[in-house]
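Take a look at the letters that make up each chain.
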Amino acid sequence: MVKLVLVLGDQLTETLAALQAAEKSRDLVVMAEVADEAAYVPHHPKKIAFLFAAMRKFAARLEEDGWRVAYTRLDDPQNTGSIPGELLRHAQAEGAKRVLVTQPGEWRLIQALDDMPLQVDTLNDDRFFCSGRRFADWAKGRKSLRMEYFYREMRRETGLLMEGDKPAGGKWNYDHDNRKPARDDLFREGPLHFTPDATTEEVLKLVEARFGDNFGDLHPFWLATDRKGARQALAHFIRHALPQFGTYQDAMLQGDKFLYHAIISPYLNAGLLTPQEVCAAAEDAWKAGRVPINSAEGFIRQILGWREFIRGVYFLEGPDYSRRNALNHQRKLPAMYWGAKTRMNCMSHAVGQTRTDAYAHHIQRLMVTGNFAQLAGVRPWEVHEWYLAVYADAYEWVEAPNTIGMSQFADGGVVGSKPYVSSGAYIDRMSDYCGACHYRVKDKTGERACPFNLLYWHFLTRHRDRFEANPRMAQMYRSWDRMDATRRETVLAEAEALLTRLSDGQVI
Ligand code: FAD
Ligand code: DLZ
Ligand code: SF4
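Definitions and limits used
- Residues numbered from 1 in each chain as written.
- Chains lettered and ligands numbered in written order.
- Predicted model: local features only at pLDDT ≥ 70, side-chain atom pairs only at ≥ 80, totals over all residues.
- Heavy atoms only, no water.
- Helix = DSSP H or I, 4+ residues; strand = E, 2+ residues; numbered from the N terminus.
- Rg over C-alpha atoms; globule rule 2.2 N^0.38 Å.
- Buried < 20%, exposed > 50% of the residue type's maximum accessible area, 1.4 Å probe, protein only.
- 1 Å grid on protein atoms, 1.4 Å probe; cavity = no way out; pocket = protein on both sides within 12 Å on 5 of 7 lines; lining within 4 Å.
- Points joined across faces, edges and corners; volume = space filled by probe spheres on them.
- Nonpolar A, V, L, I, M, F, W, Y, C, P; charged D, E, K, R; others polar.
- Salt bridge = Lys/Arg side-chain N within 4 Å of Asp/Glu carboxyl O.
- Domains from an automatic or database assignment.
- Contact = heavy atoms within 4.5 Å.
- Buried area = accessible area lost by both parts, 1.4 Å probe.
- Polar contact = N/O pair within 3.5 Å; in protein donor to acceptor, adjacent residues only side chain to side chain.
- Core = buried A, V, L, I, M, F, W, Y, C linked by side-chain atoms within 4.5 Å.
- Patch = residues over 30% accessible without salt bridge, like charges linked within 9 Å, V, L, I, M, F, W, Y side chains within 5 Å.
- Areas by Shrake-Rupley, 256 points an atom, 1.4 Å probe, with all protein chains shown as cover.
- Lys, Arg positive; Asp, Glu negative; His and termini not counted.
- Charge placed at Lys NZ, Arg CZ, Asp CG, Glu CD.
- Near = heavy atom within 4 Å.
- Pairing = 2+ DSSP bridges.
- Axes fitted to C-alpha atoms, helices over the stretch in contact; angles between N-to-C directions.
- Sits in = over half its atoms within 2 Å of the grid points.

On to the overall build of the protein. A tally of helices and strands in the protein yields 22 helices and seven strands. In summary, the protein has a C-alpha radius of gyration of 23 Å against a globular reference of 23 Å for 508 residues, a match within 12%. Dimensions of the protein, computed from the C-alpha atoms along their principal axes, are close to 80 × 55 × 50 Å. With 508 residues in all, the protein has 58% of them scored as buried.

This is the structure we're talking about:
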């Protein structure tokens, strides 16, 4: 009997488990642009356009390859508006009773599919190095989950950057050689830009009409929307940026949004690239002597280590994960996250490039926008919805552990052993933002004091009970205690006043 084969917008991989398990001559592939997926958060228009264009091209490829594909466009009058709705509609038309599904990347959708009156055969998504079961085995019995140990096991299991049973070059991790600030360089290549073809142009018109009011610029649209383009983008990165990736991984520059980053996460997460081929390309470049070990290892760690660890945590922790709020933060997300004016130059740049490109690199997400939200005590759920909406690479399985866990400590320490918070000094060291800012990064108090400086101490003070005993934070509490008492009072009073202005919607 005919089966339906669901292919979601982030499952655009020809070797997808559900396709492998199906029979080309008998089964029907179902793909659908639906209002529910496009509107569960106000996605950046570039993200929607990227996915719809990539979905249409992937469907066309499957058809060329001999598959029967039922593809529903967003503006199709018969569109039921949801993935379960589309499956039920096609099940009825085909007389199908079973659906082959590759495990979706969000609990929300997993639960919606489970509730359907069809038999759903859910298959492991084997596009990852580590299955949910493998991760659960690794996690079992551990008091805490630390990425570094998981990563070493993944290195041993995959043989990536291994010399026998030893890590290549003698060390597992070369971060000691990394984390340097960058200087302006007119010769940095930046990511490959692609000119929209007819399919993409058609999608751009649709997205403009339906989602033009969402936060984010649709034009210029420059992302690749098929596997060929994604492969070119990867090759371009390996050649031009990977050699310096490690050294400048944490740097931020006003004049360069991309620095030496790969800008491949939208492609990887939608399935246009596999993590295996990306890691193999980086390893090959190192073996050929074109890339130093600190860069090859740093890059492979992001994918083989962090990306897999983050996914493991999402599925291990369960559906309530995104709602956690361990620090009981209750402030509303400030309007500056949606582009309202701010005098903070770092925030203005991080949000500005998020608006134009649906992209900010890791340190901008973690140590600028994430750091500020945590210091200001913003509701983690709202922070999570913001990240899920505004980045072209955002799906809950990868976004939530990064936001709720790594960036907001709202999971109480599952992803990180301590909160990622800093004063302005860190941003000043890693960027050129502060020199052009209204605020003065060296001022700890006063009208022009950097908000990160004031809020940093406020955060540490209000969560003293929780963090004081953490050995990695004890030094900060000692510094605070050594400060003159009157100065401490001034810092806290000014921080309170700043938070009140923030809550009142005043420009900070
Ligand atoms: P590079 O810096 O060039 O890194 C290479 C690749 O490593 C990335 O493409 C990505 O696939 C992987 N990677 C690196 N760090 C991580 C990480 N922490 N978790 C998972 N994969 C990682 N990444 C997403 O893919 N989707 C998200 O929704 C997302 N949300 C985030 C939210 C917050 C608050 C933070 C702090 C980080 C988030 N990240 C997310 C991780 C990281 O910021 C992005 O993967 C990275 O910026 C993508 O850009 P790039 O391709 O240029 O990455
Ligand atoms: C993100 C997204 C958007 C905007 N639209 C669609 C869509 O119309 N159809 C679809 O199949 N997938 C879409 N997606 C991706 C899904 O939201 C994603 O598959 C789930 O969140 C699981 O990761
Ligand atoms: Fe950001 Fe403070 Fe530097 Fe301004 S001074 S750019 S607010 S860190």
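Structure shown, so let's carry the discussion forward.
On to empty space enclosed by the protein. Rolled over the atoms, a probe with the dimensions of a water molecule shows which regions are left empty. Inspection of the entire model under this criterion finds five cavities of 30 Å³ or more. Lining the largest cavity are 24 residues, and of these Gly9, Glu37, Tyr40, Leu51 and Tyr395 sit closest to its centre. Looking at the lining of the largest cavity, the elements that each hand over two or more residues are helix H2 (35-39), helix H3 (45-64) and helix H5 (107-114). Ranked by residues supplied to the lining of the largest cavity, first place goes to H3 with five residues. The residue inventory of the lining of the largest cavity, partitioned by class, reads 15 nonpolar, three polar and six charged.

Looking now at the layout of surface pockets. Looking at the second largest pocket, its volume works out to about 250 Å³. Considering the residues around the second largest pocket, the lining is formed by 14 residues, among which Pro334, Ala335, Leu502, Gly505 and Gln506 are closest to the centre.

All told, the structure shown has 31 salt bridges when counted by the stated rule. Between Asp175 and Arg301 there is a salt bridge; the shortest N-O distance is 3.2 Å. Here Arg301 lies in helix H13 (residues 293-317) and Asp175 lies in the loop between strand E7 (166-167) and helix H8 (198-211), a separation of 126 residues in the sequence. By relative accessible area, Asp175 is classed as buried at 14%. Each of Arg134, Arg142, Glu153 and Glu157 takes part in one network of salt bridges that share partners.

Moving on, we come to the domain arrangement of the protein. When the domains of the protein are assigned, the result is domain 1 (3-123), domain 2 (132-190 + 241-312) and domain 3 (335-503). Taking only C-alpha atoms, the centre of domain 1 and the centre of domain 3 are 39 Å apart. The interface is formed by twelve residues belonging to domain 1 together with 16 residues belonging to domain 3. A combined buried area of about 1,100 Å² lies between domain 1 and domain 3, and 57% of that area is made up of carbon and sulfur atoms. The largest contributions to the domain 1 side of the interface with domain 3 come from Val41, His44 and Lys47, which together make up 42% of the buried area. Taken together, domain 1 and domain 3 are joined by zero salt bridges. Run the count over domain 1 and domain 3 and you get eight residue pairs in polar contact (both at pLDDT 80 or more). Tallying contributions element by element places H3 first for the side of domain 1 that touches domain 3, with three residues.

Counting residues in each nonpolar core, the largest one holds 163 residues, and the members touching the most others are Tyr267, Phe299 and Phe372. Of all hydrophobic cores here, the second largest spans 20 residues; its members include Leu4, Ala32, Ile83 and Leu109.

Before going further, it helps to examine the environment of Asp504. With respect to the helices and strands, Asp504 occurs in the segment after helix H22 (485-503). Residues Asp504 and Pro334, 170 residues apart in the sequence, show an inter-C-alpha distance of 9.5 Å.

On to a positive patch on the surface. There is a patch of like positive charges on the surface, built from Lys341, Arg343, Arg448 and Arg501. With respect to the element layout, Arg501 can be found in helix H22. Taking relative accessible area as the criterion, Arg501 reaches 32% and is therefore assigned partly exposed.

Turning to the site of ligand 1, a few remarks are in order. The full set close to ligand 1 counts 29 residues, and His261, Ala262, Ile263, Asn269 and Tyr359 are the nearest of them. Taking Ala262, its main chain carries an N or O atom lying 2.8 Å from an oxygen atom of ligand 1. Between ligand 1 and Asn269 there is a distance of 2.8 Å, counted from an oxygen atom to a side-chain nitrogen or oxygen. Bound to the protein, ligand 1 loses 99% of the 810 Å² it would expose on its own. Looking at the shell around ligand 1, the elements with two or more residues in it are helix H11 (265-270), H13, helix H15 (362-376) and helix H17 (396-407). Both of domain 2 (132-190 + 241-312) and domain 3 (335-503) provide at least three residues apiece to the shell around ligand 1.

Across the sheet, five strands lie side by side as E3-E2-E1-E4-E5; this open sheet has parallel pairing. Two strands close off the open sheet at either side, each with one partner strand: strand E3 (68-72) and strand E5 (119-123). Each neighbouring strand pair of the sheet contributes to a mean axis angle of 25°, computed without reference to strand direction. Relative to E3, strand E2 (residues 28-32) runs parallel, the two sharing five bridges.

Neighbouring ligand 2 are 18 residues, the closest being Asp10, Ala32, Val34, Glu37 and Glu106. A distance of 2.6 Å separates an oxygen atom of ligand 2 from a polar atom in the side chain of Glu37. In this structure, an oxygen atom belonging to ligand 2 sits 3.4 Å away from a side-chain N or O atom of Arg108. Within the complex, 100% of the 480 Å² of free accessible area of ligand 2 lies under protein. Judged by the fraction of its atoms near the pocket grid, ligand 2 is located in the largest cavity. Listed by contribution, the elements that provide at least two residues to the shell around ligand 2 are H2, H3 and H5. In terms of residue count, H3 provides more of the shell around ligand 2 than any other element does, three residues in total. In terms of residue class, the shell around ligand 2 is made up of ten nonpolar, three polar and five charged.

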